[in-house]
2 protein chains.
Amino acid sequence: MTQRTIAVPPEHLFPPDEWQMIERRWTPEFAARAETALALSNGYLGVRGCLDEGRPAMAPGTFINGFHETWPIIHAEEAYGLARVGQTIVNVPDVTTIELYVDDEPLFVPTARTPEYFRVLDMRNGLLTRDLLWSTPSGKHARLRSTRLVSLEHRHVIAVSYEVTLDRAAPVVIRSRVINRANPTTDHAEAGEGQEDPRLGTRLGRRVLDPRLCEQEGDRLVLGYRTVQSGMTLALAVDHVPDVASPHEVSTEADPDASEYVIAVDAEPDVPVRVVKYAVYQSSRSVPADELARRARHTLDRITAAGFEPLVTAQRACMDRFWDRADVTLEDTQNHPVRMQQAVRWNLYQLAQASWRAEGAGIPAKGLTGDAYDGHYFWDTETWVLPFLAYTQPRIARNLLRFRHSMLPSARARARELDLKGALFPWRTIRGDEASAYFMAGTAQYHLDADIAYAIRRYVDIRGDTGFIAETGAEILVETARMWADLGFYGDDGRFHIHGVTGPDEYTTMVDDNAFTNLMARLNLNYAASTMRRLEAEQPDVYAGLSAELDLQPSEPEDWERAAEQMYIPHDPTRGITPQDATFLTHEPWDVRATPSERFPLLLHYHPLSTYRRQVLKQADVVMAMFLLGNEFTLDQKRRNFDYYDPLTTGDSSLSASVQSIVASEIGNERAACRYVDFALLMDLADVAGNVSHGVHIASAAGGWMALVLGFGGVRDFDGELTIDPRLPERFRSLGFSLRFHDRQLRVALSHDLESYALTEGDPLAVVIRGEHHTLTTGDALELKVPATGP
Amino acid sequence: MTQRTIAVPPEHLFPPDEWQMIERRWTPEFAARAETALALSNGYLGVRGCLDEGRPAMAPGTFINGFHETWPIIHAEEAYGLARVGQTIVNVPDVTTIELYVDDEPLFVPTARTPEYFRVLDMRNGLLTRDLLWSTPSGKHARLRSTRLVSLEHRHVIAVSYEVTLDRAAPVVIRSRVINRANPTTDHAEAGEGQEDPRLGTRLGRRVLDPRLCEQEGDRLVLGYRTVQSGMTLALAVDHVPDVASPHEVSTEADPDASEYVIAVDAEPDVPVRVVKYAVYQSSRSVPADELARRARHTLDRITAAGFEPLVTAQRACMDRFWDRADVTLEDTQNHPVRMQQAVRWNLYQLAQASWRAEGAGIPAKGLTGDAYDGHYFWDTETWVLPFLAYTQPRIARNLLRFRHSMLPSARARARELDLKGALFPWRTIRGDEASAYFMAGTAQYHLDADIAYAIRRYVDIRGDTGFIAETGAEILVETARMWADLGFYGDDGRFHIHGVTGPDEYTTMVDDNAFTNLMARLNLNYAASTMRRLEAEQPDVYAGLSAELDLQPSEPEDWERAAEQMYIPHDPTRGITPQDATFLTHEPWDVRATPSERFPLLLHYHPLSTYRRQVLKQADVVMAMFLLGNEFTLDQKRRNFDYYDPLTTGDSSLSASVQSIVASEIGNERAACRYVDFALLMDLADVAGNVSHGVHIASAAGGWMALVLGFGGVRDFDGELTIDPRLPERFRSLGFSLRFHDRQLRVALSHDLESYALTEGDPLAVVIRGEHHTLTTGDALELKVPATGP
């Protein structure tokens, strides 16, 4: 519960619209936010939503998921085992800039007269368009239409259609650029010095991309690079296809740092001047830039031959597939009828953009909408994004877990370094090794191992993909269980304790028996043991192979089960609550309400020691456990815990609100549920955390989906059983969503009097609704009257 | 209790001698150790004991106490309130190098034929001499005698007398150099990258000293500098006085980085060639280098006019004054009769060198014998060195406390930054602000405040200097008491708790109710309250002035007393011991004995998280409290606590052994007492910690004195009452020491049958010996028969 409020957005920015985010006017104070909100991405490639002209640009950026530079982490004071290899996503050469000159006058949006101005993120079509009428200084009128897309179908492709039409004849110059911002220049170099906000990306302040190739093939540009330290390779091929009836001249110049294609047109009245720009990015950890360039050329040939329209059509087709499974409808009675609907869609759209083509990579905390958090993967993927994907795009969920599996060698090495058996996954990373320079809120979050084990179970349960266990899951389960068994110990009380860890709440670090951690570790241990036993019984060959490969001792599953059985879970009988850790309740409570609003987030205004010693939460920690392991708590426990921790929770983490909303829903605290759902859904659009200019909070976007579907919708899947217990707040007239479960497709429509459950695809589906067992079949929607609730 | 053993020193290094440390042969493997062991210093100025020729030199260094460069501390991950200003002692231009050429052949000790070789640290005279016979490649014999001193009388002065005599005529060249190593060159630049050992000094890897002055005045060199960032100024004036009967020529060259004076002599047989080199250093925080140079010239005039002999005579006089008060005699029956006596004297000599002229500065952890720990001041000064000084040179003790008082403005600002009232002294610093880049083992050691309050009380009690309170002490006491009152809080149990702190044992950090901290804070609170009450009653004017200045509220002393009274001190009734902190005993014990010896110190071989979560000690923490606050524990408690913690104590801190020895003495564990006294006294000479090459462990040297005088001698001064309860171990035949107490001078001689207590100066002295009250008067030594002890 924070004192912060949700700011009303300005009129010109994103007025209510079901499917569109419209910028009606460019203003400097909202420019950086708009760059984030209007960013495009397909999960492999992303560009921030800067103006076509490339200026003013607050934080221009083009990112390839996982394409990173490394650097040695220098610790102000050294210690054994600290993270050594910094990893930072690279701002790769940007192709979005297209400058326009009419009568030699450049279009510069902040000062231009623009009687008409619309920049529109079209979430149904997956396009960013701009429609603008410019009254030029020489009194002419130029109509500009541009359409930008990052292709969901062709993951390497960005395309921009740029068209200008004049009302009178004039010389028109279109200057299309390729700008390399990875290497510092006097223009945009920033000092490599420490930044006050630890959440920002690292500024290396040095050259990052070594040119390997720079060719001009006709008007085509082909550029190749290699990162200086990490040795990753990149190729970029760019082509321009003009469609100009008026007389014109073209010139092209290739340069590793600043290439350009310029078309000068003697534009005639009402004759459109159109150029389509196609760019193909290829990246690799090892393939030489030459070979990548060859592939990029090949793709570029195909794309340019087909033209722009097929890209647009394919984009719509992909978005249709996405919305078909993922759309959530919501009728709000409190705000403008579609304001919240728009926010819901924008959050879901971010999830599509972050994950659609993230093959062979994770999902960075900001997706590909900014370089904050250095483009690192955290537990956000497994814990927030994965449930959404498992219920809507399970194929992507599986890919993400496979990618995590590919990091197992690094996790094993890290465990060794920390004197532990098994594997310990890093708190934050791109390439697999720990990149957190602050181990107390990094490596000490051992819960990562259990979060991953939990995500595997969740995915397998939701999709019914048991084959995944033998292929990938079991190895992770064994190695994480080993880590827990070695990390903990049996105390004098005979119970299994885990000391010196940090839970999800980073305002308290290095504690003993963090409830969240111990509960999740217990699940990890039990699930690993039962999985191996089941494999042994059901797939003896697979089991034998795995056992040999992992040198699994017969006693190990027993050890895990015993540790799980004896796992110490803190409990306070007096208050009837779950202490966050062994000593949390003995600390001095922090008066969150009395803290001046300008001192939030606390992490930017108080020394860590000030928060560590007190009862104050960055994010709901026990509440999180009650959500993930809801079947291990009684409703009464949930109420008591929520009521205790809620006033201590600052919500300084963007991960917090969604979980608080879900549990508030569950315990019938409708007011809190709605309040937190607002925070979750408007986290970025209303800039609740004050840093949306650095990128989208992807986990919060997924949390918004969870708050609606799992919170209001009451969907659960404990032990693989799909249960739905709707709790639609009074405030919302209706809620509709879809779920994919064991290859069945279910559509749910909730209102305050009627509920509809329709199976649209697949075999009959068993589901428990409001405690009643039902079997749904296709073509026969179940309609239920909503029982009246008490006052 | 560690598995480590004390290595036997090689024959050629420091053979047993009562007053001398003799290097009989130069060997590369012991060169760095010898540079530390043979370092010279006066507390203001120090030089490492490198060979005259300056090469080979392992870690050449000349240091001025407090003369430092600053730099921005870059944290790998930022947080609010982290230390920002790095402070590093500067390796100032060095004057010790004097090269010798005979027949154009340079003397290079590692390869030279030297039938006679003695390098001698003469601790009675305060000189480093070398006496060497060199058989030159051309078959001549050169007799070299050099004497180096850092003047105790003239704190700015270093002088070297250098003399060479040949058996046959030959051209001789003496090249005397001034080498500036503060600025990196290709010769000795080191990367600015992180070093694995956090205890080492920082390498800035950039220019530190800006030349401001470089003059040659005849053969005199005058150099001036200013540090680039901290803006401190330095002047150095060097002169050479030759005493050469043979024909010779002199040339001089001034250069900010490498000046030299060269004398070329047609040396005649048996005619000595002698040059005396005088150097004067002046430094300041603000005085321009020009002005400092003027002062240096002035001093140089005086010194050179008087010549070398008066410096030698004054040196002996100072050392006589030191030894008269500080000497400790010890007869060991186990080793060579004088081996331990030599070690005792060497440790005491280090204390003299570290403190004698440390006016206006603190005592760095390594004195001025190396740049490890960046030349920072820690609690070592107040807690280890100050008791020694209070009992031997109380004037210096007072100066050190005054210097701490001068840091109060910084400590107040730091408290504000940490959201605390009063003042919080830094864990490590030169100029007053926190320089610890690792707050968990730095700023979190809030006990600094109480250590300083304790030291004030101790000094006042031992010297009877009550005037110090009104002048300086009260202000510190009030501000530190305020910090504690604000830091702690009243828990549900009504007790006053202090959470989230790190005690002296750095293998456990950020704990609740660290016993050491709470006990010391209680003393701080009580002493501040009683001091202010006494002032109010006895010196109302002083009290009124202080109250106004500090805005002291009448309720504050009451608040402090209540907090002290309700202070929670952990206690474990089952084991009858004092838990190190609220939860320490619940942790998994570390098996210190089973840990391979090559994995010590643990801090270089285990991640902090591995030690933090377990019961394992870097240094004796509760044992330390039992020593400092011995009157607050029963003998039974001391025994139980010692027996519990001793097996868990690695002694990875050099501060540990002395305290363990003292408490072992007290509880009658003679074996442990002797074992730890060996570790304390031989810490550096036997290189127990493996890092003596980086400098002397000054606190351990002082700890050696404490282990003998307070441990074996059984001297205590609780509540200002001098008590002596000797516990001379069987192994030692006798122990003699002196104590200055309330301006009386007492000499104590202990053996196993007779003890003598002689007052040699001052009014009659009340002292409690073995529980009996005695009043000693001058000229009438008290002789006591030692009571027989049980089996």
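Student: Whenever I open this one, the overall build of chain A confuses me. Can you help?
Tutor: In terms of helices and strands, chain A carries 18 helices and 32 strands. Computed over its C-alpha atoms, the radius of gyration of chain A comes to 27 Å, within 12% of the 28 Å expected for a compact globule of 791 residues. Based on the C-alpha atoms only, the size of chain A along its principal axes is roughly 85 × 60 × 55 Å. Put simply, chain A has 791 residues, and 65% of those count as buried. Of all intrachain contacts in chain A linking residues separated by at least 6 positions in sequence, the fraction that spans at least 24 positions is 68%. Accessible surface for chain A amounts to roughly 26,500 Å². Of this, 47% is attributable to carbon and sulfur atoms. The centroid of the 80 positive side-chain charges in chain A is displaced by 1 Å from the centroid of its 112 negative side-chain charges.

Student: Hey, could you run me through the interface of chain A and chain B in this one?
Tutor: Many structure descriptions define interface size as the accessible area lost when the parts assemble. Between chain A and chain B, the residue contacts involve 53 residues of the former and 53 residues of the latter. For the pairing of chain A and chain B, the buried interface totals around 4,500 Å² over both sides, and the portion due to carbon and sulfur atoms is 58%. When the area that chain A buries against chain B is broken down by residue, the three leading residues are Tyr80(A), His607(A) and Arg613(A), summing to 15%. On inspection of chain A and its partner chain B, the count reaches six salt bridges.

Student: Got a minute to help me understand the sheet that holds strand β30 (residues 765–769) of chain B in this structure?
Tutor: Pairing between the strands of a sheet comes from backbone hydrogen bonds, and it takes one of two forms, parallel or antiparallel. Residues and elements named next belong to chain B. Read across the open sheet, the four strands follow the order β25-β26-β30-β31; overall the sheet is mixed. Both edges of this open sheet fall to β25 (715–716) and β31 (772–776), since each of them pairs with a single strand only. In this sheet, β30 lies alongside strand β26 (residues 723–724) in parallel orientation, the contact comprising two bridges. Its bridge partner lying in β30, Ile-724 is registered against Ile-769.

Student: Quick question: what am I supposed to make of the relation of the copies chain A and chain B here?
Tutor: Look at the two chain copies: a rotation about an axis and a shift along it is all it takes to match them. It takes a turn of 180° to lay chain A on chain B, together with a shift of 0.0 Å along the axis; the resulting RMSD is 0.0 Å. Considering both components of the superposition, the chain copies are consistent with a two-fold axis. Identified as the residue of chain A closest to the rotation axis by C-alpha distance is His75(A), at 3.1 Å. By residue overlap, the copies meet face to face through one surface: 100% of the interface positions of chain A are interface positions in chain B.

Student: How should I be thinking about the environment of Ile698(B) in this particular structure?
Tutor: All names here are of chain B. As for its position among the elements, Ile-698 is in helix α18 (residues 698–712). On the accessibility criterion, Ile-698 (2% relative accessible area) is buried. For Ile-698 and Pro-364, which are 334 residues apart along the polypeptide, the C-alpha to C-alpha distance reads 8.0 Å.

Student: Whenever I open this one, the confidence of the model for chain A confuses me. Can you help?
Tutor: If pLDDT is low for a region, its predicted coordinates should not be looked at in detail. Residues and elements named next belong to chain A. Residues with a pLDDT of 70 or more make up 97% of chain A, whose mean pLDDT is 95. A low-confidence stretch, residues 186–195 (pLDDT under 50), is modelled with 15 contacts involving residues beyond four sequence positions or located in other chains. For this predicted complex, the interface confidence comes out at an ipTM of 0.92, alongside a pTM of 0.94.

Student: What is the right way to read the packing of aromatic side chains from this model?
Tutor: Two numbers describe a pair of aromatic rings. These are the distance of the centres and the angle of the planes. Residues and elements named next belong to chain A. Evaluation of the coordinates by the stated rule reveals 41 aromatic pairs over all chains. Measuring from centroid to centroid gives 5.3 Å for Tyr-459 and Phe-468, while their planes differ by 75°, and the two rings are edge-to-face. We note that Tyr-459, like Phe-468, is buried. Site record: aromatic cluster; members linked through ring pairs are Trp-19, Phe-322, Trp-323, Trp-356, Phe-388, Tyr-391, Trp-705 and Phe-741. Of note, Arg-345 hangs over the ring of Trp-19, and the distance from its end group to the ring centre comes to 3.7 Å.

Student: Explanation requested: the pattern of salt bridges in the structure shown.
Tutor: Opposite charge on two side chains permits pairing when their charged atoms draw close. On inspection of all chains with the given rule, the structure shows 116 salt bridges over all chains. Measuring nitrogen to oxygen at the nearest pair gives 3.8 Å for the salt bridge that ties Arg599(B) to Asp419(A). Separated into two different chains, Arg599(B) in the loop between β23 (588–589) and α13 (608–612) and Asp419(A) in the loop between α7 (408–417) and α8 (447–463) make up a pair that spans both. Exposure remark for Asp419(A): the relative accessible area of 34% places this residue in the partly exposed category. For Glu417(B), the salt bridge is made with Arg414(B), and the minimal N-O distance between the two is 3.0 Å. Here Glu417(B) pairs with Arg414(B), and both are found in helix α7 (residues 408–417), just three residues apart, close to one helical turn. Among the charged side chains, a network of salt bridges with common partners joins Arg412(A), Glu475(A), Glu479(A), Arg482(A) and Glu556(A).

Student: What am I meant to see in the side chain of Ser658(A) here?
Tutor: Along the chain, Ser658(A) turns up in helix α16 (residues 656–666). Not counting residues within four places of it along the chain, the set of residues in contact with Ser658(A) comprises Trp384(A), Ala680(A), Gly703(A), Gly704(A) and Ala707(A).

Student: Help me understand the side chain of His499(A), please; the structure alone is not making it clear to me.
Tutor: If you trace the backbone, His499(A) turns up in the loop between β22 (496–497) and α10 (515–538). A distance of 2.7 Å separates the side chain of His499(A) from the side chain of His587(B), its partner in a polar contact.

Student: Help me out: how do you make sense of helix α18 (residues 698–712) of chain A in this one?
Tutor: All names here are of chain A. Here α18 spans 20 Å end to end across 15 residues, near enough to the 21 Å set by a 1.5 Å rise per residue. Of all 15 residues making up α18, 15 are buried, and the element is well covered by its neighbours. Two residues or fewer after α18 comes Gly-714, characterised by a positive phi angle close to 70°.

Conventions and cut-offs
- Residues numbered from 1 in each chain as written.
- Chains lettered and ligands numbered in written order.
- Predicted model: local features only at pLDDT ≥ 70, side-chain atom pairs only at ≥ 80, totals over all residues.
- Heavy atoms only, no water.
- Helix = DSSP H or I, 4+ residues; strand = E, 2+ residues; numbered from the N terminus.
- Rg over C-alpha atoms; globule rule 2.2 N^0.38 Å.
- Buried < 20%, exposed > 50% of the residue type's maximum accessible area, 1.4 Å probe, protein only.
- Contact = heavy atoms within 4.5 Å.
- Areas by Shrake-Rupley, 256 points an atom, 1.4 Å probe, with all protein chains shown as cover.
- Lys, Arg positive; Asp, Glu negative; His and termini not counted.
- Charge placed at Lys NZ, Arg CZ, Asp CG, Glu CD.
- Buried area = accessible area lost by both parts, 1.4 Å probe.
- Salt bridge = Lys/Arg side-chain N within 4 Å of Asp/Glu carboxyl O.
- Pairing = 2+ DSSP bridges.
- Least-squares fit on C-alpha atoms with pLDDT ≥ 70 in both.
- pLDDT = per-residue confidence, 0-100.
- Phe/Tyr/Trp six-rings, centres within 6.5 Å; stacked < 30°, edge-to-face > 60°.
- Lys NZ or Arg CZ within 6 Å of the ring centre and 35° of its normal.
- Polar contact = N/O pair within 3.5 Å; in protein donor to acceptor, adjacent residues only side chain to side chain.
- Expected span 1.5 Å × (residues − 1).

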